[in-house]
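A structural walkthrough
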Amino acid sequence: MNNESEMTGKDLKGILQSLKSDEVLEITILDGNFNILLNTYVKPIFTTSWKNAEAVHHISYDMVKNKPTLQQLAPLIKGIFDNADVIVGYNGSFDLGFLEGLYSLENKQVIDVMELFAPIYGEVSEKYGGYKWQKLQNCADYFGYKFKTHDSYEDAKATLYCYHKIMERKEV
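For clarity, every value in this text was computed on a predicted model and none was experimentally measured.

Digging into unusual backbone geometry
Note: most peptide bonds trans; most residues except glycine with negative phi. With a phi angle near 60 degrees, His 58 is a residue other than glycine that sits in the positive phi range. Residue position: His 58 is located in the loop between helix H2 (51-57) and helix H3 (61-64). According to the relative accessible area criterion, His 58 is exposed, its value standing at 53%. A positive phi angle, close to 55 degrees, is found at Asn 91, a residue other than glycine.

Details of the nonpolar core
Tyr 90, Val 113, Phe 117 and Cys 139 are the most contacted members of the largest nonpolar core, which totals 20 residues. It is helix H8 (residues 152-169) that contributes the most residues to this core, six residues altogether. When sequence neighbours within four positions are dropped, the list of residues in contact with Cys 139 reads Tyr 90, Val 113, Phe 117 and Cys 162. Val 24, Ile 27, Leu 70 and Ala 84 belong to the second largest nonpolar core, which has 19 residues in total.

Observations regarding the packing of aromatic side chains
This structure, assessed with the given rule, holds nine aromatic pairs. Ring centres of Trp 50 and Tyr 61 lie 6.2 Å apart, and the angle between their planes is 65 degrees; on these two criteria the pair is classed as edge-to-face. Note that Trp 50 is positioned in the loop between strand S3 (36-41) and H2 and Tyr 61 in helix H3, a separation of 11 residues in sequence. Taking the relative accessible area as the measure of exposure, Trp 50 reaches 4% and is therefore buried. Assessed through its relative accessible area of 27%, Tyr 61 is described here as partly exposed. The interplanar angle of 65 degrees and the centroid separation of 6.4 Å between the aromatic rings of Tyr 121 and Tyr 142 together place this pair among those described as edge-to-face. On the criterion of sequence distance, the pair formed by Tyr 121 in helix H6 (residues 113-121) and Tyr 142 in helix H7 (residues 136-142) is long-range, its members being 21 residues apart. A relative accessible area of 35% means that Tyr 121 is categorised as partly exposed. Under the relative-accessibility criterion, Tyr 142 is labelled partly exposed at 37%.

A few points about the confidence of the model for the protein
Confidence along the protein averages 86 in pLDDT terms, with 87% of residues attaining 70 or more. Least confident of the elements in the protein is helix H1 (residues 15-21), whose mean pLDDT is 44; most confident is H7, at 97. Note on residues 10-20: pLDDT under 50 across the span, and 10 contacts to partners over four residues away in sequence or across chains.

Here is what the cut-offs are and how they apply
Residues numbered from 1 in each chain as written. Predicted model: local features only at pLDDT ≥ 70, side-chain atom pairs only at ≥ 80, totals over all residues. Heavy atoms only, no water. Helix = DSSP H or I, 4+ residues; strand = E, 2+ residues; numbered from the N terminus. Buried < 20%, exposed > 50% of the residue type's maximum accessible area, 1.4 Å probe, protein only. Core = buried A, V, L, I, M, F, W, Y, C linked by side-chain atoms within 4.5 Å. Contact = heavy atoms within 4.5 Å. Phe/Tyr/Trp six-rings, centres within 6.5 Å; stacked < 30°, edge-to-face > 60°. pLDDT = per-residue confidence, 0-100.

Below is the structure:
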């Protein structure tokens, strides 16, 4: 299972701040064969404007105002997670943080493609040591996959494609 989402915020000051203030606007969950399990816009509960983020992902309030809330989608999301053995994402802890409380990761293998790709790309981070994490666009470019960024469905497909390419390389 592969999960991607788009948010109301574009605050790059940190994940914890983002988790406190941002809301999910779009969510896509695919199975390992690229079949859509969930792909929908999501109506936020507390936010009606997100101009900075809208400039990036082009999702407006008008596009989400009549869509289900994350809480309304919770039973479906929980069912999908309950039936998954493996959960794949790109910077997955960020996206999964927004869904916390809707699922259990108990007995699940969680794979972050961003972490798997870092040593393949090979750029060393002098600040943190180890390999620098790369944007999904860099990962997709590396494997020759073209897609429209900042769209949860396109991001999910790109993430899953890259995951399969990494698994083929057996460099994990």
